[in-house]
Amino acid sequence: MQWQEVAAAMVSEGEENAPTPADLVKKFDSTYKKRLARNSNLIDVLQNKVMKNKPGTDPYIVRAILWTLSQIQVSFAKLWLSGEDLAQSNADDLGLPNATKTNQDREAEALKNIQQILNLVSFYNPVVICFDEIDVENNCNEDGLTTELVIANLVKILHDTLENSELGQGVVILTVMKTETWKDVIKQQQKATLDRLSKYTQIKPIELKPVNADSMVQLVTVWLQEYYSSKNLIPPHPLYPFEEAQLREYGKLKPTVREALRWCADNFKVEEQKLPPDPLERFELAFQRESEIKFEEYIEDGSLIAEALYFGFNTLKGQTLEGVIIEEINKDILPKSKNNNFIKFKIIGNENGKEVKIGVAVVQDSQFTLNAALRRLNDYHTFDLTRGCLVRSKSKIEQMKKNSEAYRLLNELISQKGGENVDLIEDQIRPLIAILAIYQKRQNYQLTEYQIFDFISKNNITFDNLLLKEILSDPSGNMPNVNNEDDLSDLFGDDEDVNTPDVDDQTEDDLSDLLG
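Summary of the structure given here.

### Some details on the overall build of the protein
Thought 1: Each helix and strand in the protein was counted, giving 25 helices and eight strands.
Thought 2: Its C-alpha atoms give the protein principal-axis dimensions of about 90 × 70 × 45 Å.
Thought 3: Across the 516 residues in the protein, those meeting the buried criterion constitute 44%.
Thought 4: In the protein, once contacts between residues fewer than 6 apart in sequence are set aside, the share between residues at least 24 apart is 68%.
Thought 5: Split by element, the accessible area of the protein, about 28600 Å² in all, is 47% carbon and sulfur.
Thought 6: Taking the average location of the 57 positive side-chain charges in the protein and that of its 84 negative ones, the two points are 2 Å from each other.

Below, the structure written as structure tokens:
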């Protein structure tokens, strides 16, 4: 959500190794509750922090944006930011005022809030505002002004206001209208706004040309690329299920973009490919298809990789691998509130007559997540482990500084606790991603769960997988090579080197419980 990205940027300003918006959202409500227990209001602390950096900003707008980090209050915060009134109890909970003004005063207040929000948001992110299809026939406000004139005046006001403010990354305002609206309405009745409405192009509007044969192909290529990428699908060719000649022929009719997209939706017909009659041949076809996904499309997705590892180990239940009899694969890591999904699953087995409980965490994202996962992997007692295993790409491990908290925690895991760090190698994780995809799409491939597990077993896909073997094998006890450059976090106050402090040791302005 864009509001949460802005809120995260506000909170993290000036912080080293700032957590991602998703990390902040995940921790926010629990941290807020813990703070309240010791009479400290997290929102007040964050609001004061932001106001020190942005002293001229409306404190209520800052407060509302910060509340979007709360999964409990985000809906109410968004309503308030959009100008809606809240039930008084909800407004009190958020510490936000409800408007008690006339309609005219509310409109002036709304405009002022828009200006404040744009000034604030644009400091952290570029802002694009588009007024589309402003030509609304037979529609006027109370003063008799048509929609296009009202919007033109609003753009002028925004332009004049924002031009005199200290914008960080800029605001782009687009207005889309018919040619006759520009010539007969705006140029005739709003001459004072012309240079604002079309400043970048110097009062020469950008002409929106109808789709032609070439642009039709380009348009469909872009839309289908985004669609197939979001679905992790690999089409036979970029324009599938259309043919280039078919698109070019339709483009000759010079449709609008909306008409072109509607035509595509009406003609998006996929012929089901006939699958081989033999289940084994269907599995081999599926394995070939699903193995074609690009490595870079999933290597950063720790959750998908963890799911693939979990599925791979489930196909080995009851078998012995690397001297470990695999008895159970458990995703329900207790206590849940303390684990918070950092340890993805636990392998329970028996090795030489001794019970083995290996906790596995897959971390491909931020330093914040890495530190949090390592702390849990090291806590054998709380999570009932005999060994912790971190799965992370070698290239990411090598970026670690020797003086960092992450290195200290990893050293504790490997050198003191007998845990290990396992690298993600393309040839080893790819087949696991493929068989997981086959299992998830088993109806499409007309395969049963039994057939998939049977073919995986007969082909030793998981039994011979080196990544799964490495997770189960006896740890080497050797720390990986990391960056030897001097770390200056002690000088610059790197929050990743700060453990979450005890309640009695933490001052109100210390945000390491949220950011660390």
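### Quick look at helix H4 (residues 59-67)
Thought 1: Of all nine residues in H4, seven are buried, a share of seventy percent or more.
Thought 2: Where H4 is concerned, the buried positions are Ile-61, Val-62, Arg-63, Ala-64, Ile-65, Leu-66 and Trp-67.

### What to know about the packing of helix H14 (residues 279-290) against helix H21 (residues 426-440)
Thought 1: Contact geometry of H14 with H21 gives a least axis separation of 9 Å together with a crossing angle of 125 degrees. The angle between the axes of H14 and H21 places the two elements in the oblique class. Relative to H21, H14 is oriented so that their crossing is right-handed. Contacts between H14 and H21 involve Phe-283, Ala-286, Phe-287 and Glu-290 on the former and, on the latter, Pro-431, Ala-434, Ile-435, Ala-437 and Ile-438.
Thought 2: Here the contact of H14 with H21 is composed, by residue class, of eight nonpolar, no polar and one charged.

### Focus on the nonpolar core
Thought 1: In terms of nonpolar packing, the biggest core is built from 50 residues, with Met-10, Phe-28, Ile-65, Leu-66 and Ile-186 touching the most fellow members.
Thought 2: In terms of nonpolar packing, the next biggest core, distinct from the first, is built from 45 residues, Ala-286, Val-324, Val-422 and Ile-429 among them.

Reading the values: rules and limits
- Residues numbered from 1 in each chain as written.
- Predicted model: local features only at pLDDT ≥ 70, side-chain atom pairs only at ≥ 80, totals over all residues.
- Heavy atoms only, no water.
- Helix = DSSP H or I, 4+ residues; strand = E, 2+ residues; numbered from the N terminus.
- Buried < 20%, exposed > 50% of the residue type's maximum accessible area, 1.4 Å probe, protein only.
- Contact = heavy atoms within 4.5 Å.
- Areas by Shrake-Rupley, 256 points an atom, 1.4 Å probe, with all protein chains shown as cover.
- Lys, Arg positive; Asp, Glu negative; His and termini not counted.
- Charge placed at Lys NZ, Arg CZ, Asp CG, Glu CD.
- Axes fitted to C-alpha atoms, helices over the stretch in contact; angles between N-to-C directions.
- Parallel < 35°, antiparallel > 145°, perpendicular 65-115°, else oblique.
- Left-handed = near helix turned anticlockwise from the far one by under 90°.
- Nonpolar A, V, L, I, M, F, W, Y, C, P; charged D, E, K, R; others polar.
- Core = buried A, V, L, I, M, F, W, Y, C linked by side-chain atoms within 4.5 Å.

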